[in-house]
Structures are given as C-alpha cells and as structure tokens.
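Overview (structure and organization)
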Amino acid sequence: MDYKILVMNFGSTSTKLAYYVNDRCEDSVNLRHDPEVIRQYTDYNQQYDLRKQAILDYLDGKGIALSDLDAIATRGGQTEPIVGGTYEVNEAMVAETKSGKYGHHVCNLGPWIAYDLSRLSGRAVPVTTDTPTTDEMEPVARFSGLKEIPRVSCVQALNTKAMARYYAKQQGRPFEDVRVITVMLGGGIGVCAIRDGRMVDAPDGLEGEGPFSNNRCCTVPVGRLVKLCYSGQYTEEEMIRHINGEAGLMAYLGTTDIRQIMKDIENGDAYAEQVMDAMCYQTAKEIGAMATVLEGRVDAILLIGGMANVDFICEHIRKRVEFIAPVVILPGEREMEALAEGAYLALTQAVPLLQFEPKEET
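Scope of this entry: the structure provided in the associated data block.

Reading the values: rules and limits
- Residues numbered from 1 in each chain as written.
- Predicted model: local features only at pLDDT ≥ 70, side-chain atom pairs only at ≥ 80, totals over all residues.
- Heavy atoms only, no water.
- Helix = DSSP H or I, 4+ residues; strand = E, 2+ residues; numbered from the N terminus.
- Rg over C-alpha atoms; globule rule 2.2 N^0.38 Å.
- Areas by Shrake-Rupley, 256 points an atom, 1.4 Å probe, with all protein chains shown as cover.
- Lys, Arg positive; Asp, Glu negative; His and termini not counted.
- Charge placed at Lys NZ, Arg CZ, Asp CG, Glu CD.
- Core = buried A, V, L, I, M, F, W, Y, C linked by side-chain atoms within 4.5 Å.
- Buried < 20%, exposed > 50% of the residue type's maximum accessible area, 1.4 Å probe, protein only.
- Contact = heavy atoms within 4.5 Å.
- 1 Å grid on protein atoms, 1.4 Å probe; cavity = no way out; pocket = protein on both sides within 12 Å on 5 of 7 lines; lining within 4 Å.
- Points joined across faces, edges and corners; volume = space filled by probe spheres on them.
- Phe/Tyr/Trp six-rings, centres within 6.5 Å; stacked < 30°, edge-to-face > 60°.
- Lys NZ or Arg CZ within 6 Å of the ring centre and 35° of its normal.
- Salt bridge = Lys/Arg side-chain N within 4 Å of Asp/Glu carboxyl O.
- Polar contact = N/O pair within 3.5 Å; in protein donor to acceptor, adjacent residues only side chain to side chain.
- Pairing = 2+ DSSP bridges.
- Axes fitted to C-alpha atoms, helices over the stretch in contact; angles between N-to-C directions.

Looking only at helices and strands, one finds twelve helices and twelve strands in the chain. The C-alpha radius of gyration of the chain comes to 21 Å, within 12% of the 21 Å expected for a compact globule of 362 residues. Dimensions of the chain, computed from the C-alpha atoms along their principal axes, are close to 55 × 50 × 50 Å. Surface summary for the chain: the accessible area is close to 17600 Å², and the carbon and sulfur share equals 50%. Separation of charge centres in the chain, based on 36 positive and 52 negative side chains, amounts to 3 Å.

Okay, here's the thing in structure tokens:
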C-alpha cells in the first residue's frame, strides 16, 4: 500500500512544502512570502489564512487532493516539554501552540493548520515529529541553582536529531549506539549532548542559554542582568526583545547577514573578526561542557545548520575542540525528510504514534 504524505515547515517568510509517497519525495517547493506583507501581522496567529491558502493553492496546482492524503506532517509548535517521537496533533496540542504560553514562533501555526487540513481531508492523520520543546534531559541536568526555575530544553530538536540519525546511518550504527555532540548553527546556536538516542542535555535557546548568535545573547551574568531589568530603561516586553532579537551579532555589528560580515572581515574589519571569533569561542566552550556530560566518550562533534557552510566559523570552532572528537561538518538541515520519515514510520506502525496529553495545571 502506498501512503501519501504532505509535509509542511513554516519559516519567518517562507513555507516549505513537500509531497511524499511512502519514503520517496515526489515534489517539493519553498514558497516565499513578501516580507512587507508578513510585517503587517502583529501576531503569528494572524498569518493563519495566508499560510493555509498557500498550501491549498500548492495542492491544487499539483493536482493533489486533500482527500487522498494519508498524513499531514508538520514541524511542531511550542507546547509544554515532551519527549521526542512522532505525535498525532490533537486539539490540546493546537490549543497550547495557539496560546503562545510556551513561546511565540511561526512554527506554532503548523499544528493548527495541519489539524484543520486533516479535518477537511476527512482521512489524513495530522502528525509532528521531535517538536521544538522536545525535552529528554536527565534529572541531574534540570537543576539551575534557583529552585523555582528548573532548566528545560528548547532547541531545533527536529534537525538536531535528524542529523544525528543521519550521521549514525553513515557510520552503519544504530542511532541509539552513538554518542555525539550536535552544534546547531542557525539563527540561534544550540549545543546538545546525544546518548542512547536521546538529547540528554540541551539549552533553552529562546531564554538565552548557550553561546550568543545572530540576534540572541548568551548566558550573561545574572546579577547585572537583573540590575538592567530594573534600571527603568526597558519594559518587560522590550527587555525580552533586547536579549532575543537585538543582541548577539546584531548588537555588536548591526547586522545578522553572515555573508556581509564575512566580506567585511575579508576587507580587513578586525572588530568584525573579533566578534565572530568570540561567537565561535563561546560555542567551543559549550561543546567542552557537553563533552563532560558524555564523560569524555564522544564519537563525533556534528556542526549542522546554515552557518556550517561558513568555513571561518567551522575552522574557528574546530581548532578548539578537535582534541575531544572528530569534527564532522553536515551543513544545512534534513527537517523535511525527518518529518516525512516520522509520518511514514508511524503510518506503517514501525514506530508508535504518540498522543499529546498536557499535564494538569498545578
């Protein structure tokens, strides 16, 4: 039996779509949305009609009927922390992602639209795999030092685990047998320790853990951050935007355009080079920390994501960490493949289709 799967992945100004039959990609497209149009929306939920119509237009243009689909796979949204795996999108998951309680991101549209399209289909199962709030940390990793603030994981778990699985497959080994440190070099930088098929330690990237990156700060000195919060310079909303939107490369260099920064460095901009080296330096420190989580037994350090295409970044990280383990560069992402695979394996019952059950409020 052939299973027909629609895959969706929302970016800030893009909608990636793919059509799979079983584990074969039959068609894919990256739809670009006008940034000026996107900027008119003050809330991600307001983009619902725009994104949904783009998907319906794609299906109509390809002659793919919603009623023929067996699954609609989407990048997950931000819910309360859950373990990794493939989940059926249900009303509870949609409600949590729409609420924004666990974070505001365009990915929150995915479960909502997948769920509604599945109802229009009448038969397609809406699913998501390794959501952004995948949290598989061990109990010892949850202590922050403040009892009321436990550590949680919030990273690009989908691509992180997909690339780790890809590496394991290349090595001819089961995913559960490899011990790797993944370094997601994207809009944010997330360094994770993977063992036994789980992300046993990972940062809360949206809340500022980890190295500074494009527009996010790193884990800054807490006392000075508290004083800045109470300085009267910022409202709560402004402060949140200050640490996640106005920080990192944006704060130091006034841009997040890596290509332009690299050109500036090539033209002799010593300050730009120092800032980029500092970002790599902090990333290397995080890799060293995760090596201790794996007790020094590390098969490989995987540099993944868009910035893994930049030689300067990879080499400045490599020189500081290659004594720990081989550095393997796997640029880009495999998110669409991972979403399709999760859906296909669930449809064929090769993996369980998990149910999202939110915990009761305490």
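Resuming the write-up.
All right, on to the nonpolar core then. Ranked by internal contacts, the top residues of the largest apolar core, which has 38 residues, are I181, M276, I301 and I313. Elements supplying a minimum of two residues to this core: β7 (180-185), β8 (189-195), α9 (258-266), α10 (270-293), β10 (300-305) and α11 (311-321). The element best represented in this core is α10, accounting for nine residues. Dropping the residues within four chain positions of it, M276 is found in contact with L249, I258, I261, M262, I265, F312 and I313. With 28 residues, the next largest nonpolar core counts Y58, L66, V89 and Y115 among its residues.

Right, let's get into the layout of surface pockets. When its volume is computed, the second largest pocket comes out at roughly 610 Å³. Lining the second largest pocket are 22 residues, with R165, A338, E341, G342 and L345 positioned closest to its centre. Elements with a minimum of two residues in the lining of the second largest pocket: α5 (157-170) and α12 (335-347). Here the lining of the second largest pocket gets seven residues from one element, more than from any other, and that element is α12.

To continue, consider the packing of aromatic side chains. By the definition in use, this model includes three aromatic pairs. Judged by centre distance (5.5 Å) and plane angle (55°), the rings of F212 and Y252 are tilted. Of this pair, F212 sits in the loop between β9 (198-201) and α6 (222-229) while Y252 sits in helix α8 (residues 248-253), and the two are 40 residues apart along the sequence. The class of F212 is buried, set by a relative accessible area of 5%. Looking at Y252, the relative accessible area reads 45%, which means it is partly exposed. Just above the ring of W112 sits the side chain of K98; from NZ or CZ to the centre is 4.2 Å.

Turning our eyes to something else, we now look at the pattern of salt bridges. Under the definition given, this model contains 22 salt bridges. With its nearest N and O atoms 3.3 Å apart, the salt bridge here joins E26 to R24. Taking the relative accessible area as the measure of exposure, R24 reaches 41% and is therefore partly exposed. Its salt-bridge partner being R119, residue D116 comes within 2.8 Å of it at the nearest N-O pair.

Within the secondary structure, S121 is located in helix α4 (residues 109-121). Separated by 3.2 Å, the side chain of S121 and the backbone nitrogen of A124 make a polar contact.

The sheet built from five strands is open, its strands ordered β9-β8-β7-β10-β11 with mixed pairing. Two strands lie at the open edges of the sheet, namely β9 and β11 (327-331), each paired on one side alone. Strand-to-strand twist of the sheet, defined as the mean angle between neighbouring strand axes without regard to direction, takes the value 30°. Where β7 lies against β10, five bridges are found, and the strand directions are parallel.

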